[in-house]
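Summary of the model geometry
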Amino acid sequence: MIELPEIAVVTDSGELGQQALAAMRAAAGARARMVVERKLSDIPKDRATALGLRALPAIVFNDMVAMAGVPTAEEAAGLIKRGFQGGDECQMARGKGRHADHMDILCNRFLG
């Protein structure tokens, strides 16, 4: 099985950030420890700009913003599953749904 890299939920310590963090940890299940909170105030401004952080909370995988906002349970599970579980899932996800652009980026990043 593929080991999950760190998933960061970038927050401003507000309620929405905590909701996003909880949703991603719930979706990660036994690997919830891989989902960490990163406060925007702890990220250097040039780094935040380079990441493309424009709205919070933001879900960041391997230095790429996967989505901004609070994911639904289904969206969080989809990000975890499709971003890390293999080619067939990504092939089906490409070009479909509300976060199709993000999924294309994730699939290209992790699976080529």
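Residues numbered from 1 in each chain as written. Predicted model: local features only at pLDDT ≥ 70, side-chain atom pairs only at ≥ 80, totals over all residues. Heavy atoms only, no water.

**Here we look at the pairing of strand S1 (residues 7-11)**
Regular strands have side chains that alternate between both faces of the sheet. The buried fraction of S1 is high, at 5 of 5 residues. Burial along S1 is two-sided: the face carrying Ile 7, Val 9 and Thr 11 and the face carrying Ala 8 and Val 10 are both buried. Sheet topology places S1 next to strand S2 (residues 35-39); 5 bridges connect them, and they run parallel. Its bridge partner being in S2, Val 10 is matched across the sheet by Arg 38. Each parallel crossover has a hand, and the one from S1 via helix H1 (residues 15-28) to S2 is right-handed. (Buried < 20%, exposed > 50% of the residue type's maximum accessible area, 1.4 Å probe, protein only. Helix = DSSP H or I, 4+ residues; strand = E, 2+ residues; numbered from the N terminus. Pairing = 2+ DSSP bridges. Right-handed = clockwise from strand over helix to strand, strands pointing away.)

**Quick word on the environment of Ala 26**
With respect to the secondary-structure elements, Ala 26 resides in helix H1. Given the relative accessible area of 60%, Ala 26 is considered exposed. Residues Ala 26 and Ala 77 lie 51 residues apart in sequence; the distance between their C-alpha atoms is 8.3 Å.

**Quick look at the sheet that holds strand S4 (residues 64-68)**
Within the open sheet, the 4 strands sit side by side as S2-S1-S3-S4. Their pairing is mixed. Bordering the open sheet on either side are S2 and S4, each of which pairs with just one other strand. When strand polarity is set aside, the average angle formed by the axes of neighbouring strands in this sheet is 30 degrees. Contacting S1, S2 and strand S3 (58-61), H1 runs over the sheet at an angle of about 160 degrees to S2. (Axes fitted to C-alpha atoms, helices over the stretch in contact; angles between N-to-C directions. Contact = heavy atoms within 4.5 Å.)

**What about the pattern of salt bridges?**
Considering all chains together, one arrives at 1 salt bridge under this definition. Across the salt bridge formed by Glu 37 and Lys 39, the nearest N and O atoms sit 3.6 Å from each other. The partly exposed category is assigned to Lys 39, whose relative accessible area is 32%. (Salt bridge = Lys/Arg side-chain N within 4 Å of Asp/Glu carboxyl O.)

**What to know about the nonpolar core**
Residues Ile 7, Val 9, Met 24, Val 35, Ile 59, Phe 61 and Leu 79 are the most contacted members of the largest nonpolar core, which totals 15 residues. Elements with a minimum of two residues in this core: S1, H1, S3, S4 and helix H3 (73-84). Of all the elements, H1 adds the most residues to this core, at 5 residues. Among the nonpolar cores identified, the runner-up in size contains 10 residues, and Ala 8, Val 10, Val 60 and Val 65 belong to it. (Core = buried A, V, L, I, M, F, W, Y, C linked by side-chain atoms within 4.5 Å.)

**Focus: the environment of Leu 21**
With respect to the helices, strands and loops of the structure, Leu 21 is situated in helix H1. Taking the C-alpha atoms as reference, Leu 21 lies 6.9 Å from Glu 37; in sequence the two are 16 residues apart. Discounting residues that sit within four places of it in the chain, Leu 21 has contacts with Val 9, Val 35, Val 36 and Glu 37.

**Observations regarding H1**
An ideal rise of 1.5 Å per residue puts 20 Å on 14 residues; H1 measures up with 20 Å between its terminal C-alpha atoms. Looking at the residues trailing H1, positive phi occurs at Gly 29, about 60 degrees. (Expected span 1.5 Å × (residues − 1).)

Structural measurements only, silent on function.
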